Amino acid sequence: MASNLQFLPILDLPLLSRRIPQTTLSPLLRSNKLHRHFYLDHSPYRGSATSPSSPAVVHALKEAVQSSISETTDDADSPAAASSSKLVLVVGGSGGVGQLIVASLLNRKVKSRLILRDPEKATILFGEQDQEILQVRKGDTRNPGDLEPSIFEGVTHVICCTGTTAFPSRRWDGDNTPERVDWEGVRNLVDVLPRTLKRIVLVSSVGVTKFNELPWSIMNLFGVLKYKKMGEDFVRESGLPFTIIRPGRLTDGPYTSYDLNTLLRATAGERRAVLIGQGDKLVGEVSRLVVAEACIQALDIECAEGEIFEINSVKGDGPGTDPWQWRELFNDARTR
């Protein structure tokens with residue numbers, strides 16, 4: 001979710017005894033950048049300093065994307081690595097989690113396409129990119145007429161991480177409410193996706209099955225959890241191969257530095273281990289960075305297809321970008 005009270009996931013849980021050298025990790029994950037979550041993103045207590053569109057965030061994210069692309073190389077052994085036949089459509093790519101997803105896909109040199117209400121945001125956030133790697137289309141999932149067939153030509157995978165605030169705020173201006181975004185927008189998108197799609201990953205929230213119970217009913221006063229659950233159900237019943245990620249409360253360091261690398265060195269540290277569960281039982285916090293990585297990994301992990309996972313992060317080492325450790329995490333959650 002992307003608003004004041006928000007639930008999103010975090011990365012890094014030690015799995016097996018094997019560790020990855022720091023030099024092989026994506027700079028985004030090595031620095032363990034942004035941390036924030038559903039409660040904060042959907043909460044009336046969220047401060048303006050943490051806004052994904054603040055000048056500091058925009059400036060830092062743009063520099064981080066540019067530097068990560070120039071610094072890193074592809075991991076040929078990773079299922080999430082770039083493929084000439086893979087084209088990932090990211091819906092909600094200008095939000096807190098979406099920005100990290102796009103940045104990580106660029107870092108991996110995975111061909112990506114964004115649907116943005118304002119395409120100029122892509123240049124502001126990610127800089128000038130080769131259109132062979134990053135394509136931008138103007139569109140709004142709330143309006144079915146915007147979702148032209150050309151937007152979906154060649155798309156093999158989709159990550160949908162749209163969202164708004166749980167409580168009335170300026171972000172609701174222009175009819176940007178939970179009903180319009182989390183329900184109608186998701187429904188409109190799924191209706192037009194190609195049946196050849198290999199996977200759609202939807203970012204939802206913990207607590208969606210308990211929106212009539214305390215404390216979830218407080219968050220759901222304006223229907224955000226109810227509408228997210230309706231979006232989930234529509235994806236599940238679509239017949240498309242799917243994975244649904246339900247993050248816990250999103251946590252991020254405050255965006256007070258124009259140098260994102262410096263900020264991340266200060267905040268990256270201990271909460272990198274990943275907890276994944278099922279049954280809407282996990283309650284806790286998760287890093288946006290972990291949520292972003294979970295979405296990217298879920299695109300290619302077979303045991304994650306047709307499944308719904310909750311995700312949190314805690315103190316400890318985590319899987320980073322290792323697809324084998326992520327596969328074990330998802331698989332273990334299924335077999336508990």
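Residues numbered from 1 in each chain as written. Predicted model: local features only at pLDDT ≥ 70, side-chain atom pairs only at ≥ 80, totals over all residues. Heavy atoms only, no water.

A. View of the confidence of the model for the protein chain. A residue-level look at the protein chain finds 70% of positions with pLDDT of 70 or above and a mean pLDDT of 78. Under a pLDDT of 50 for its full length, residues 1-51 has, in the predicted model, 270 contacts with residues more than four places off or in other chains. Across residues 253-268 the pLDDT falls below 50, and counting only partners more than four positions away or on other chains, this stretch makes 33 contacts in the model. (pLDDT = per-residue confidence, 0-100. Contact = heavy atoms within 4.5 Å.)

B. Main features of the pairing of strand S10 (residues 307-314). The buried fraction of S10 is high, at 7 of 8 residues. The pairing of strand S7 (residues 242-251) with S10 spans 5 bridges and is parallel. Note on S10: the bridge partner recorded for Ile244 is Ile308. (Buried < 20%, exposed > 50% of the residue type's maximum accessible area, 1.4 Å probe, protein only. Helix = DSSP H or I, 4+ residues; strand = E, 2+ residues; numbered from the N terminus. Pairing = 2+ DSSP bridges.)

C. Seen up close, the environment of Val90. With respect to the element layout, Val90 can be found in strand S2 (residues 88-91). Judged by its relative accessible area of 0%, Val90 is buried. For the pair Val90 and Val158, spaced 68 residues apart in the sequence, the C-alpha separation amounts to 5.9 Å. Those residues within four positions of Val90 in sequence are excluded, and the remaining contacts are Ile101, Val102, Leu105, Arg113, Leu114, Ile115, Ile159 and Cys161.

D. Representation of the pattern of salt bridges within the structure. In this structure the tally under the stated criterion is 15 salt bridges. The partner of Arg334 in a salt bridge is Glu307, with the nearest N and O atoms 3.4 Å apart. Taken together, the positions of Arg334 in helix H11 (residues 323-335) and Glu307 in strand S10 put the pair 27 residues apart, joining distant regions of the chain. Taking the relative accessible area as the measure of exposure, Arg334 reaches 35% and is therefore partly exposed. Each of Arg117, Asp140 and Arg142 takes part in salt bridges that share partners, so that together they form one network. (Salt bridge = Lys/Arg side-chain N within 4 Å of Asp/Glu carboxyl O.)

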